[in-house]
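# Summary of the model geometry
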Amino acid sequence: MTTPGESTGINEPKGVSRRGLLSGALVAGLGGAVVGAAGGGTAAWTMASSRAATADDVDGVDLDRSHPFYGTGRQGGISTEPQRHTVFMTFRLAEAASSTSVQTLLARWSAAAAVMQDGRPVGTVQPEDDVAPPVDTGEAFGLSPASLTVTIGLGPALFDGRFGLAAHKPAAFTDLPTLNGDVLDPNFTGGELSVQACADDPQVCYHAVRNLARLGRSTVSPFWAVLGFGRASAGTGQETPRNLLGFKDGTRNVETDEQYDEFVWIMNGDQPWMEGGTYQVVRKIRMLLETWDTDRVGNQQQIIGRHKEEGSPLSGRREKDTPDFALKSATGDPVIDPLSHVALAARENNDGVMIKRRGYNYTDGLDPNGELNAGLLFISYQNDPQHFIRLQNRLGGHDLLNEYIRHVGSAIFAVPPAPERGHYVAQGLFE
Ligand code: HEM
């Protein structure tokens, strides 16, 4: 079996770092080019960065920042402060894939992810022998690490018996059932492996996923992918961003260590290799933006249950005010509509259950009718897939928002804990 970092085929030149080689202005320019190529999307970023800064504003981007891959207990990209961009890709295994080739793939991906999170290329960009293809594709050469995190997930089909892993499947981990509100497109549904690359520079995300796909090409082929921009969740000290409906998204979310331990990280589960891991649910949710944009703001606020500008609950004035779902208006009606998105989703109305939402806006440009083909790449992390399933069935059945959204893509993955140096993601599964 391949020992990660030794015979992964990854040639790591010493002393070549992307860190600090490029000014923020140039990086912003490159970022704009990439997102623009996907159909637009720099607007949210530009808007956020042109906002007047205040003294206690720590919501900045430090392109020189890097996150370690090894030895962190949890994989990055889950509780990590959300970066500005993501490239999310799922993969299908080749028919000839074997248990050994899957292990080799995960070892190569782990070693490459560690190098790229450090801001380095996965091998030579310009080999001395000029008839050899470069090991690294080169588009991130000279760029800073930009807080890159690579999160690797395993799909339920990996445990179907082909690789002798069936006995190691956690009992809670199955394909998502058909859920209320599903209008899924098979081209954006499922996958046997997932890679979520998040960074503050879209070109760094793209490079990471492209190079992992390239390293794995004898074992996996890319299945479906989404480019996400303008994070739709906030970390500590980050201002709450806005989704494409124009509402703040991420105001109430899993935040404290206690909440992560209770709702996100698997602890005392039935499979030791998943201890400290979590489950990733991904939903590609198209928004019917042209229709939404003709709706009265009062109706938009009723649908979400929050004020548009401040993001405060309709029962309060400030964003962080706790929603009061019992508050009645002078006419005796609930101030927050019981069928509004937040009333149906809030922990107060779901037996206290929370999920960690860490999504991004996305755009696929225009559809064949010339309409905006865009929405929310919803990504949630939870230690029990049932928490998402129950919530989505409730929302999919009743949410006033359903008139304006369509769940077109869906997948679930098991995300093992981060490996120690010298090991690879999910190694415990094979031992
Ligand atoms: C395009 C689809 C969606 C949009 C536009 C959207 C938008 C929002 C907005 C604006 C908020 C209020 C701000 C906040 O507390 O973060 C919110 C809250 C929330 N959403 Fe969504 N959401 C979508 C899909 C979903 C889905 C699929 C789920 C889960 C199945 C979900 C679960 C939640 C939860 C748990 C909250 C926090 C509620 C609270 O505690 O007050 N959302 N969402």
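Note: the structure precedes this text.
All of the points below concern the structure found in this document.

The rules behind each value
Residues numbered from 1 in each chain as written. Predicted model: local features only at pLDDT ≥ 70, side-chain atom pairs only at ≥ 80, totals over all residues. Heavy atoms only, no water. Helix = DSSP H or I, 4+ residues; strand = E, 2+ residues; numbered from the N terminus. Contact = heavy atoms within 4.5 Å. Donors = N, O, S within 2.8 Å, 3.2 Å for Na, K, Ca; no water. Near = heavy atom within 4 Å. Polar contact = N/O pair within 3.5 Å; in protein donor to acceptor, adjacent residues only side chain to side chain. 1 Å grid on protein atoms, 1.4 Å probe; cavity = no way out; pocket = protein on both sides within 12 Å on 5 of 7 lines; lining within 4 Å. Sits in = over half its atoms within 2 Å of the grid points. Buried < 20%, exposed > 50% of the residue type's maximum accessible area, 1.4 Å probe, protein only. Pairing = 2+ DSSP bridges.

This brings us to the environment of Ser79. As for its placement among the helices and strands, Ser79 is situated in the loop between α2 (43-50) and β1 (85-93). Between the C-alpha atoms of Ser79 and Gly235, which are 156 residues apart in sequence, the distance is 8.1 Å. Aside from chain neighbours lying at most four places away, what touches Ser79 is Tyr260 and Trp265.

The protein supplies the iron atom of the ligand with one donor atom, His341 (NE2), which lies at 2.0 Å. When you line up the elements, His341 lands in helix α8 (residues 341-345).

Taken together, 27 residues are adjacent to the ligand, and Gly250, Thr251, Arg252, His341 and Arg357 come closest. Thr251 is positioned such that a nitrogen or oxygen atom in its backbone is 2.9 Å from an oxygen atom of the ligand. Contact between the ligand and Arg252: an oxygen atom at 3.0 Å from a main-chain N or O atom of the residue. Spatially, the ligand is embedded in the largest cavity. Elements represented by at least two residues in the shell around the ligand include exactly β5 (278-287), α8, β8 (372-382), α9 (385-398) and β9 (405-415).

Consecutive side chains along a regular strand alternate between the two faces of the sheet. Where burial is concerned, most of strand β7 (residues 360-366) is hidden: five out of the seven residues are buried. Sheet topology places strand β4 (residues 220-231) next to β7; three bridges connect them, and they run antiparallel. For Arg231, the partnering residue across the bridge sits in β7 and is Tyr360. Pairing of β7 with β8 involves five bridges; the strand directions are antiparallel. Among the inter-strand pairings, Thr363 is bridged to a residue of β8, identified as Ala374. Hairpin remark: β7 followed by β8, antiparallel, with five residues in the connecting loop; positive phi at Gly370, about 80 degrees.

This is a description of form; function is not addressed.
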